[in-house]
Amino acid sequence: MTKKILVLPGDGIGPEITEEAVRVLKALELGFEMETALLGGAAVDATGDPYPAATQELAKEADAVLLGAVGGPKWDVLPREQRPEKGLLGIRKHLNLFANLRPAILYPELADASTLKPEVVSGLDILIVRELTGDIYFGQPRGIEIRDGERFGFNTMRYTETEIRRIGRVAFEAARKRGKKLCSVDKMNVLETTQLWRDVMTELAPEYPDVELTHMLADNAAMQLVRAPRQFDVLVTGNMFGDILSDEASMLTGSIGMLPSASLDENNKGLYEPSHGSAPDIAGQGIANPLATILSAAMLLRYTFNLEEAARRVEEAVKKVLAQGLRTADIFAAGTQKVGTKEMGDAVLAAL
Ligand code: IPM
Ligand code: MG
(Lines give C-alpha, C1' and ligand atoms only; values in the text may rest on other atoms or scores of the structure.)
(Ligands and ions follow the chains in the order given, each with its own letter.)
Protein backbone atom coordinates (compact mmCIF):
# COMPACT_ATOMS: atom_id res chain seq x y z
CA MET A 1 0.00 0.00 0.00
CA THR A 2 1.21 3.49 -0.80
CA LYS A 3 1.23 5.96 2.02
CA LYS A 4 0.71 9.31 0.37
CA ILE A 5 -0.04 12.30 2.53
CA LEU A 6 -0.96 15.63 1.03
CA VAL A 7 -0.10 18.53 3.32
CA LEU A 8 -2.20 21.69 2.96
CA PRO A 9 -0.76 24.33 5.28
CA GLY A 10 -3.45 26.89 4.36
CA ASP A 11 -3.61 30.34 5.92
CA GLY A 12 -2.82 32.21 9.13
CA ILE A 13 -1.10 29.97 11.66
CA GLY A 14 -1.70 26.99 9.34
CA PRO A 15 1.86 26.80 7.93
CA GLU A 16 3.49 27.03 11.38
CA ILE A 17 1.40 24.33 13.02
CA THR A 18 1.43 21.87 10.10
CA GLU A 19 5.22 22.13 10.01
CA GLU A 20 5.38 20.69 13.52
CA ALA A 21 2.93 17.89 12.70
CA VAL A 22 4.93 17.02 9.58
CA ARG A 23 8.11 16.79 11.68
CA VAL A 24 6.32 14.36 13.99
CA LEU A 25 5.09 12.21 11.09
CA LYS A 26 8.57 12.13 9.56
CA ALA A 27 10.18 11.19 12.87
CA LEU A 28 8.04 8.04 12.99
CA GLU A 29 9.84 6.79 9.86
CA LEU A 30 6.84 4.92 8.51
CA GLY A 31 7.62 5.55 4.85
CA PHE A 32 5.14 8.31 4.14
CA GLU A 33 5.40 10.17 0.84
CA MET A 34 4.47 13.78 1.47
CA GLU A 35 3.58 16.57 -0.90
CA THR A 36 2.45 20.10 -0.18
CA ALA A 37 -0.20 22.11 -2.03
CA LEU A 38 -2.31 25.24 -1.73
CA LEU A 39 -5.78 25.58 -0.24
CA GLY A 40 -7.83 28.54 0.96
CA GLY A 41 -6.63 32.12 0.90
CA ALA A 42 -3.09 31.12 -0.02
CA ALA A 43 -4.51 29.38 -3.09
CA VAL A 44 -6.71 32.37 -3.94
CA ASP A 45 -3.70 34.67 -3.84
CA ALA A 46 -1.65 32.36 -6.08
CA THR A 47 -4.32 31.16 -8.53
CA GLY A 48 -7.60 32.98 -7.90
CA ASP A 49 -9.23 29.69 -6.84
CA PRO A 50 -9.50 28.50 -3.20
CA TYR A 51 -9.33 24.84 -4.32
CA PRO A 52 -7.23 24.89 -7.50
CA ALA A 53 -7.10 22.05 -10.02
CA ALA A 54 -3.53 21.10 -9.07
CA THR A 55 -4.57 20.64 -5.44
CA GLN A 56 -7.67 18.69 -6.51
CA GLU A 57 -5.52 16.27 -8.44
CA LEU A 58 -3.06 15.71 -5.60
CA ALA A 59 -5.93 15.36 -3.13
CA LYS A 60 -7.52 12.62 -5.24
CA GLU A 61 -4.23 10.73 -5.40
CA ALA A 62 -3.40 11.03 -1.71
CA ASP A 63 -4.42 8.49 0.93
CA ALA A 64 -4.76 11.20 3.54
CA VAL A 65 -4.71 14.98 3.73
CA LEU A 66 -3.28 16.98 6.61
CA LEU A 67 -4.68 20.50 6.75
CA GLY A 68 -3.67 23.48 8.87
CA ALA A 69 -6.48 26.01 8.66
CA VAL A 70 -7.99 28.34 6.09
CA GLY A 71 -9.39 31.86 6.07
CA GLY A 72 -8.70 35.35 7.28
CA PRO A 73 -10.20 38.85 7.14
CA LYS A 74 -8.15 39.64 4.05
CA TRP A 75 -10.34 37.37 1.91
CA ASP A 76 -13.74 38.03 3.55
CA VAL A 77 -14.43 40.81 1.07
CA LEU A 78 -14.14 38.55 -1.99
CA PRO A 79 -17.14 37.06 -3.81
CA ARG A 80 -18.37 33.89 -2.07
CA GLU A 81 -16.89 31.62 -4.76
CA GLN A 82 -13.39 32.91 -4.03
CA ARG A 83 -13.47 32.73 -0.27
CA PRO A 84 -11.12 30.36 1.55
CA GLU A 85 -14.08 28.57 3.22
CA LYS A 86 -15.26 27.60 -0.25
CA GLY A 87 -11.98 25.70 -0.66
CA LEU A 88 -12.60 23.77 2.53
CA LEU A 89 -16.20 22.94 1.62
CA GLY A 90 -14.95 22.10 -1.88
CA ILE A 91 -12.40 19.52 -0.77
CA ARG A 92 -14.87 17.95 1.70
CA LYS A 93 -17.41 17.48 -1.07
CA HIS A 94 -14.89 16.50 -3.77
CA LEU A 95 -13.40 13.73 -1.62
CA ASN A 96 -16.81 12.72 -0.27
CA LEU A 97 -15.69 13.21 3.33
CA PHE A 98 -19.11 12.79 4.88
CA ALA A 99 -18.06 11.69 8.36
CA ASN A 100 -16.55 14.33 10.60
CA LEU A 101 -15.24 13.10 13.95
CA ARG A 102 -14.64 15.79 16.54
CA PRO A 103 -13.49 14.55 19.91
CA ALA A 104 -13.74 16.89 22.91
CA ILE A 105 -11.47 15.61 25.63
CA LEU A 106 -10.51 17.39 28.80
CA TYR A 107 -6.85 16.82 29.59
CA PRO A 108 -6.53 16.64 33.40
CA GLU A 109 -3.49 18.95 33.25
CA LEU A 110 -5.64 21.61 31.55
CA ALA A 111 -8.72 21.33 33.76
CA ASP A 112 -8.35 24.97 34.83
CA ALA A 113 -8.65 26.18 31.24
CA SER A 114 -12.39 25.45 31.11
CA THR A 115 -14.78 28.23 32.01
CA LEU A 116 -17.05 25.60 33.57
CA LYS A 117 -16.64 24.29 37.09
CA PRO A 118 -14.13 21.43 37.37
CA GLU A 119 -16.76 19.10 38.84
CA VAL A 120 -18.88 19.58 35.71
CA VAL A 121 -16.14 18.91 33.16
CA SER A 122 -13.52 16.71 34.83
CA GLY A 123 -13.07 13.48 32.91
CA LEU A 124 -15.00 14.85 29.93
CA ASP A 125 -14.63 12.67 26.83
CA ILE A 126 -17.21 13.30 24.10
CA LEU A 127 -17.11 12.43 20.42
CA ILE A 128 -19.22 14.49 18.04
CA VAL A 129 -19.96 12.77 14.76
CA ARG A 130 -21.05 15.47 12.32
CA GLU A 131 -22.41 14.76 8.84
CA LEU A 132 -20.23 16.88 6.58
CA THR A 133 -21.35 16.81 2.94
CA GLY A 134 -25.10 17.39 3.09
CA ASP A 135 -27.74 19.47 4.87
CA ILE A 136 -28.35 23.18 4.41
CA TYR A 137 -24.63 23.64 3.70
CA PHE A 138 -24.96 22.10 0.25
CA GLY A 139 -28.73 22.03 -0.41
CA GLN A 140 -30.16 23.60 -3.55
CA PRO A 141 -31.83 25.97 -4.29
CA ARG A 142 -29.96 28.68 -2.46
CA GLY A 143 -29.18 32.30 -3.03
CA ILE A 144 -30.08 35.93 -2.61
CA GLU A 145 -32.55 37.31 -5.18
CA ILE A 146 -34.92 40.17 -5.66
CA ARG A 147 -38.51 39.00 -5.20
CA ASP A 148 -41.52 41.27 -5.06
CA GLY A 149 -39.22 44.26 -5.06
CA GLU A 150 -37.13 43.27 -2.07
CA ARG A 151 -34.07 41.14 -1.37
CA PHE A 152 -34.88 37.56 -0.52
CA GLY A 153 -32.39 35.06 0.93
CA PHE A 154 -32.98 31.30 0.92
CA ASN A 155 -31.28 27.97 1.60
CA THR A 156 -32.51 24.40 1.55
CA MET A 157 -32.16 21.88 4.35
CA ARG A 158 -32.19 18.40 2.84
CA TYR A 159 -31.07 14.85 3.56
CA THR A 160 -31.68 11.55 1.81
CA GLU A 161 -32.15 8.47 3.94
CA THR A 162 -28.96 7.02 2.42
CA GLU A 163 -26.96 9.99 3.67
CA ILE A 164 -28.48 9.69 7.14
CA ARG A 165 -27.94 5.95 7.29
CA ARG A 166 -24.26 6.06 6.38
CA ILE A 167 -23.39 8.70 9.00
CA GLY A 168 -25.59 6.82 11.47
CA ARG A 169 -23.54 3.68 10.93
CA VAL A 170 -20.28 5.55 11.52
CA ALA A 171 -21.69 6.91 14.78
CA PHE A 172 -23.05 3.56 16.01
CA GLU A 173 -19.71 1.89 15.20
CA ALA A 174 -17.83 4.64 17.05
CA ALA A 175 -20.12 4.32 20.09
CA ARG A 176 -19.61 0.57 20.07
CA LYS A 177 -15.85 1.11 20.51
CA ARG A 178 -16.35 3.60 23.35
CA GLY A 179 -19.01 4.03 26.02
CA LYS A 180 -21.79 2.40 23.94
CA LYS A 181 -24.08 5.42 24.22
CA LEU A 182 -25.26 7.35 21.17
CA CYS A 183 -27.34 10.52 21.30
CA SER A 184 -28.80 11.63 17.97
CA VAL A 185 -29.54 15.34 17.77
CA ASP A 186 -32.31 16.75 15.57
CA LYS A 187 -35.06 19.35 15.50
CA MET A 188 -37.94 17.05 14.64
CA ASN A 189 -40.49 19.20 16.45
CA VAL A 190 -40.15 21.77 13.65
CA LEU A 191 -38.18 20.41 10.67
CA GLU A 192 -39.30 17.52 8.44
CA THR A 193 -35.75 16.81 7.27
CA THR A 194 -34.78 16.05 10.83
CA GLN A 195 -37.93 13.97 11.45
CA LEU A 196 -36.52 11.74 8.72
CA TRP A 197 -33.16 11.90 10.50
CA ARG A 198 -34.75 10.62 13.73
CA ASP A 199 -36.72 7.91 11.91
CA VAL A 200 -33.64 6.55 10.13
CA MET A 201 -31.52 6.56 13.30
CA THR A 202 -34.30 4.69 15.10
CA GLU A 203 -34.48 2.12 12.28
CA LEU A 204 -30.72 1.50 12.55
CA ALA A 205 -30.75 0.89 16.29
CA PRO A 206 -31.78 -2.82 16.20
CA GLU A 207 -28.57 -3.56 14.24
CA TYR A 208 -26.58 -2.27 17.21
CA PRO A 209 -28.27 -3.82 20.25
CA ASP A 210 -25.17 -3.20 22.37
CA VAL A 211 -25.46 0.59 21.84
CA GLU A 212 -28.03 2.65 23.72
CA LEU A 213 -29.62 5.17 21.32
CA THR A 214 -31.31 8.30 22.61
CA HIS A 215 -32.62 11.37 20.78
CA MET A 216 -32.41 15.00 21.76
CA LEU A 217 -33.62 18.22 20.21
CA ALA A 218 -30.79 20.51 19.13
CA ASP A 219 -31.72 23.39 21.43
CA ASN A 220 -31.87 21.08 24.41
CA ALA A 221 -28.57 19.47 23.38
CA ALA A 222 -26.94 22.91 23.36
CA MET A 223 -28.22 23.44 26.90
CA GLN A 224 -27.31 19.97 28.16
CA LEU A 225 -23.76 20.34 26.84
CA VAL A 226 -23.10 23.13 29.32
CA ARG A 227 -25.39 21.85 32.07
CA ALA A 228 -24.18 18.25 32.33
CA PRO A 229 -21.82 17.41 29.47
CA ARG A 230 -20.64 14.11 30.90
CA GLN A 231 -24.04 12.55 30.17
CA PHE A 232 -22.82 12.27 26.55
CA ASP A 233 -20.59 9.66 24.98
CA VAL A 234 -21.11 9.95 21.20
CA LEU A 235 -23.34 12.61 19.63
CA VAL A 236 -24.43 12.32 16.00
CA THR A 237 -26.02 15.15 14.08
CA GLY A 238 -26.34 16.93 10.75
CA ASN A 239 -23.92 19.36 9.20
CA MET A 240 -25.24 22.63 10.61
CA PHE A 241 -26.14 21.51 14.14
CA GLY A 242 -22.82 19.68 14.20
CA ASP A 243 -20.94 22.83 13.28
CA ILE A 244 -22.49 24.70 16.18
CA LEU A 245 -22.48 21.97 18.80
CA SER A 246 -18.89 20.96 18.09
CA ASP A 247 -17.65 24.49 18.75
CA GLU A 248 -19.63 24.50 21.97
CA ALA A 249 -18.28 21.09 23.00
CA SER A 250 -14.71 22.10 22.24
CA MET A 251 -14.95 25.03 24.61
CA LEU A 252 -16.03 22.79 27.48
CA THR A 253 -12.42 21.71 27.48
CA GLY A 254 -11.31 25.34 27.49
CA SER A 255 -8.57 24.64 25.03
CA ILE A 256 -9.67 24.53 21.42
CA GLY A 257 -5.94 24.57 20.62
CA MET A 258 -5.84 20.93 21.73
CA LEU A 259 -8.64 19.42 19.68
CA PRO A 260 -8.06 17.45 16.47
CA SER A 261 -10.60 16.30 13.90
CA ALA A 262 -10.96 13.75 11.14
CA SER A 263 -13.21 13.87 8.07
CA LEU A 264 -13.57 10.47 6.44
CA ASP A 265 -15.04 8.90 3.33
CA GLU A 266 -16.44 5.36 3.02
CA ASN A 267 -12.92 3.90 2.70
CA ASN A 268 -11.27 5.80 5.53
CA LYS A 269 -9.50 8.16 3.22
CA GLY A 270 -9.45 11.25 5.34
CA LEU A 271 -8.73 14.88 5.83
CA TYR A 272 -7.28 15.73 9.21
CA GLU A 273 -7.27 19.19 10.69
CA PRO A 274 -7.26 20.94 14.04
CA SER A 275 -10.73 22.01 15.20
CA HIS A 276 -9.58 25.59 15.63
CA GLY A 277 -9.28 28.17 12.87
CA SER A 278 -6.46 30.08 11.22
CA ALA A 279 -6.05 32.66 14.05
CA PRO A 280 -4.83 35.47 11.76
CA ASP A 281 -4.23 37.71 14.80
CA ILE A 282 -1.27 35.60 15.94
CA ALA A 283 -0.07 34.27 12.57
CA GLY A 284 3.66 34.38 11.90
CA GLN A 285 4.60 35.02 15.52
CA GLY A 286 5.65 31.46 16.34
CA ILE A 287 3.33 31.29 19.35
CA ALA A 288 0.45 29.15 18.02
CA ASN A 289 -0.33 25.82 19.66
CA PRO A 290 0.64 22.96 17.30
CA LEU A 291 -0.82 20.20 19.49
CA ALA A 292 -4.25 19.99 17.83
CA THR A 293 -2.53 19.50 14.48
CA ILE A 294 -0.12 16.95 15.95
CA LEU A 295 -3.10 15.13 17.47
CA SER A 296 -4.81 15.32 14.06
CA ALA A 297 -1.75 13.55 12.65
CA ALA A 298 -2.34 10.86 15.30
CA MET A 299 -5.92 10.48 14.06
CA LEU A 300 -4.53 10.18 10.52
CA LEU A 301 -2.30 7.31 11.63
CA ARG A 302 -5.23 5.61 13.34
CA TYR A 303 -8.07 6.02 10.84
CA THR A 304 -6.48 6.06 7.41
CA PHE A 305 -3.43 3.87 7.96
CA ASN A 306 -4.67 1.69 10.81
CA LEU A 307 -1.44 2.38 12.71
CA GLU A 308 -2.95 2.32 16.18
CA GLU A 309 0.34 1.90 17.99
CA ALA A 310 1.96 4.86 16.24
CA ALA A 311 -1.15 6.95 16.91
CA ARG A 312 -0.92 6.17 20.59
CA ARG A 313 2.77 6.97 20.69
CA VAL A 314 2.02 10.45 19.37
CA GLU A 315 -0.85 10.95 21.83
CA GLU A 316 1.31 9.75 24.73
CA ALA A 317 4.07 12.14 23.67
CA VAL A 318 1.59 15.03 23.77
CA LYS A 319 0.39 14.01 27.24
CA LYS A 320 3.99 13.82 28.36
CA VAL A 321 4.85 17.37 27.33
CA LEU A 322 1.72 18.60 29.10
CA ALA A 323 2.78 16.69 32.21
CA GLN A 324 6.21 18.32 31.91
CA GLY A 325 4.43 21.66 32.26
CA LEU A 326 5.08 23.01 28.77
CA ARG A 327 2.33 25.33 27.50
CA THR A 328 1.79 27.55 24.50
CA ALA A 329 0.22 30.93 25.23
CA ASP A 330 -3.37 29.75 24.67
CA ILE A 331 -3.19 27.17 27.47
CA PHE A 332 -0.66 28.92 29.70
CA ALA A 333 -1.36 29.16 33.43
CA ALA A 334 0.71 30.35 36.35
CA GLY A 335 3.30 27.79 37.38
CA THR A 336 3.77 26.35 33.89
CA GLN A 337 6.44 27.08 31.29
CA LYS A 338 5.44 29.15 28.28
CA VAL A 339 6.88 27.93 24.97
CA GLY A 340 6.45 28.78 21.29
CA THR A 341 5.22 26.65 18.40
CA LYS A 342 8.59 25.22 17.48
CA GLU A 343 9.68 24.52 21.05
CA MET A 344 6.45 22.65 21.59
CA GLY A 345 7.14 20.61 18.46
CA ASP A 346 10.69 19.93 19.69
CA ALA A 347 9.34 18.73 23.04
CA VAL A 348 6.88 16.34 21.37
CA LEU A 349 9.68 14.98 19.19
CA ALA A 350 11.88 14.49 22.24
CA ALA A 351 9.05 12.71 24.07
CA LEU A 352 8.54 10.43 21.07
C1 IPM B 1 -15.84 24.09 10.65
C2 IPM B 1 -15.84 25.50 10.11
C3 IPM B 1 -16.33 25.44 8.66
C4 IPM B 1 -17.74 24.90 8.67
C5 IPM B 1 -16.26 26.79 7.93
C6 IPM B 1 -14.87 27.39 7.99
C7 IPM B 1 -16.72 26.67 6.51
O8 IPM B 1 -16.63 26.31 10.90
O9 IPM B 1 -15.11 23.24 10.10
O10 IPM B 1 -16.54 23.84 11.62
O11 IPM B 1 -18.71 25.65 8.87
O12 IPM B 1 -17.90 23.70 8.45
MG1 MG C 1 -17.34 25.39 12.67
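Residues numbered from 1 in each chain as written. Chains lettered and ligands numbered in written order. Predicted model: local features only at pLDDT ≥ 70, side-chain atom pairs only at ≥ 80, totals over all residues. Heavy atoms only, no water.

### Quick notes on the site of ligand 1
Point 1. Around ligand 1, the surrounding shell consists of E85, R92, R102, R130, Y137 and D243.
Point 2. Within the contact set of ligand 1, an oxygen atom lies 2.8 Å away from a side-chain nitrogen or oxygen of R102.
Point 3. One of the side-chain nitrogen or oxygen atoms of D243 is found 2.9 Å away from an oxygen atom of ligand 1.
Point 4. In the complex, 74% of the free accessible area of ligand 1, which totals 320 Å², lies under the protein chains.
Point 5. Here the residues of the shell around ligand 1 sort into 1 nonpolar, no polar and 5 charged. (Near = heavy atom within 4 Å. Polar contact = N/O pair within 3.5 Å; in protein donor to acceptor, adjacent residues only side chain to side chain. Areas by Shrake-Rupley, 256 points an atom, 1.4 Å probe, with all protein chains shown as cover. Nonpolar A, V, L, I, M, F, W, Y, C, P; charged D, E, K, R; others polar.)

### Observations regarding the side chain of E163
Point 1. Within the secondary structure, E163 is located in helix α6 (residues 161–176).
Point 2. Among the polar contacts made by the side chain of E163, one reaches the main-chain amide nitrogen of T160 at a distance of 2.9 Å.
Point 3. Ignoring anything within four residues of it in the chain, the contact list for E163 reads T133, G134 and R158. (Helix = DSSP H or I, 4+ residues; strand = E, 2+ residues; numbered from the N terminus. Contact = heavy atoms within 4.5 Å.)

### Things to note about the domain arrangement of the chain
Point 1. As far as domains go, the chain holds domain 1 (1–98 + 269–352) and domain 2 (108–264).
Point 2. Summarising the inter-unit geometry, the C-alpha centres of domain 1 and domain 2 are found 23 Å apart.
Point 3. Contact with domain 1, which involves 28 residues of that partner, is made by 21 residues of domain 2.
Point 4. Each partner contributes to the roughly 2,400 Å² buried at the junction of domain 1 and domain 2, and carbon and sulfur atoms together form 63% of this total.
Point 5. The largest share of the area that domain 1 buries against domain 2 comes from K93, F98 and S275, three residues that together contribute 29% of it.
Point 6. Counting the contacts that link domain 1 with domain 2 gives 0 salt bridges.
Point 7. Where domain 1 touches domain 2, the interface holds 9 residue pairs in polar contact (both at pLDDT 80 or more).
Point 8. Elements represented by at least two residues in the side of domain 1 that touches domain 2 include exactly α4 (84–94), β12 (270–274), α10 (291–303) and α11 (308–323).
Point 9. Among the elements that take part in the side of domain 1 that touches domain 2, α10 stands out by supplying 6 residues, more than any other.
Point 10. Here the residues of the side of domain 1 that touches domain 2 are counted per class, giving 15 nonpolar, 6 polar and 7 charged. (Domains from an automatic or database assignment. Buried area = accessible area lost by both parts, 1.4 Å probe. Salt bridge = Lys/Arg side-chain N within 4 Å of Asp/Glu carboxyl O.)

### Here's the deal with the pattern of salt bridges
Point 1. Considering all chains together, one arrives at 21 salt bridges under this definition.
Point 2. A salt bridge links R302 to E308; its shortest N-O distance comes to 2.7 Å.
Point 3. The class for R302 is buried, based on a relative accessible area of 19%.
Point 4. Judged by its relative accessible area of 29%, E308 falls in the partly exposed class.
Point 5. Through salt bridges that share partners, E20, R23, K342 and D346 make up one connected network. (Buried < 20%, exposed > 50% of the residue type's maximum accessible area, 1.4 Å probe, protein only.)

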